[in-house]
Amino acid sequence: MLLHFLRTGSNATTKRATAILETPREDKEPDDVAWIFAAMGEAGSLEYGRRFAREYAERALVADAMPLPFMTENADRRFLREMLSYVVERVK
């Protein structure tokens, strides 16, 4: 998502974001971090990341449904399928 944001942002936006990202964590201002998050939302980068995650989760589920002899059905596979849905669909 961050790479999408940096690739698609205007020159001024990219410069500001890069300056914030280069600032050590302990020196970052909460307002600067909030600005990056809001700007990523406005740029469509958060939605881009969600679409990307959904697409790859769907691919993983298709692969999981294939009849492969070395992949037996068990609790671990069920857990991984459930985690895919949880991680992609969760809302904070």
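Residues numbered from 1 in each chain as written. Predicted model: local features only at pLDDT ≥ 70, side-chain atom pairs only at ≥ 80, totals over all residues. Heavy atoms only, no water.

This part takes up the overall build of the chain. Across its full length, the chain holds 5 helices and 0 strands. For the chain, the N- to C-terminal ordering of α and β elements is α-α-α-α-α. Computed over the C-alpha atoms, the radius of gyration of the chain is 18 Å, more than 25% above the 12 Å expected from 2.2 N^0.38 for a compact globule of 92 residues. By its C-alpha atoms, the chain is 55 × 25 × 20 Å across when sized along the principal axes. (Helix = DSSP H or I, 4+ residues; strand = E, 2+ residues; numbered from the N terminus. Rg over C-alpha atoms; globule rule 2.2 N^0.38 Å.)

Let's shift gears to the packing of aromatic side chains. Under the definition given, this model contains 3 aromatic pairs. Ring centres 6.5 Å apart and planes at 70 degrees place the aromatic pair F5 and W35 in the edge-to-face group. Of this pair, F5 sits in helix α1 (residues 2-8) while W35 sits in helix α3 (residues 30-43), and the two are 30 residues apart along the sequence. With a relative accessible area of 2%, F5 lands in the buried category. Lying across the ring of W35, R16 places its NZ or CZ 4.1 Å from the centre. Just above the ring of Y56 sits the side chain of R59; from NZ or CZ to the centre is 4.6 Å. (Phe/Tyr/Trp six-rings, centres within 6.5 Å; stacked < 30°, edge-to-face > 60°. Buried < 20%, exposed > 50% of the residue type's maximum accessible area, 1.4 Å probe, protein only. Lys NZ or Arg CZ within 6 Å of the ring centre and 35° of its normal.)

A few words now on the environment of T23. Its location among the elements puts T23 in the loop between α2 (11-22) and α3. Looking at T23, the relative accessible area reads 26%, which means it is partly exposed. One polar contact links the side chain of T23 to the main-chain carbonyl oxygen of A19, over a distance of 2.8 Å. (Polar contact = N/O pair within 3.5 Å; in protein donor to acceptor, adjacent residues only side chain to side chain.)

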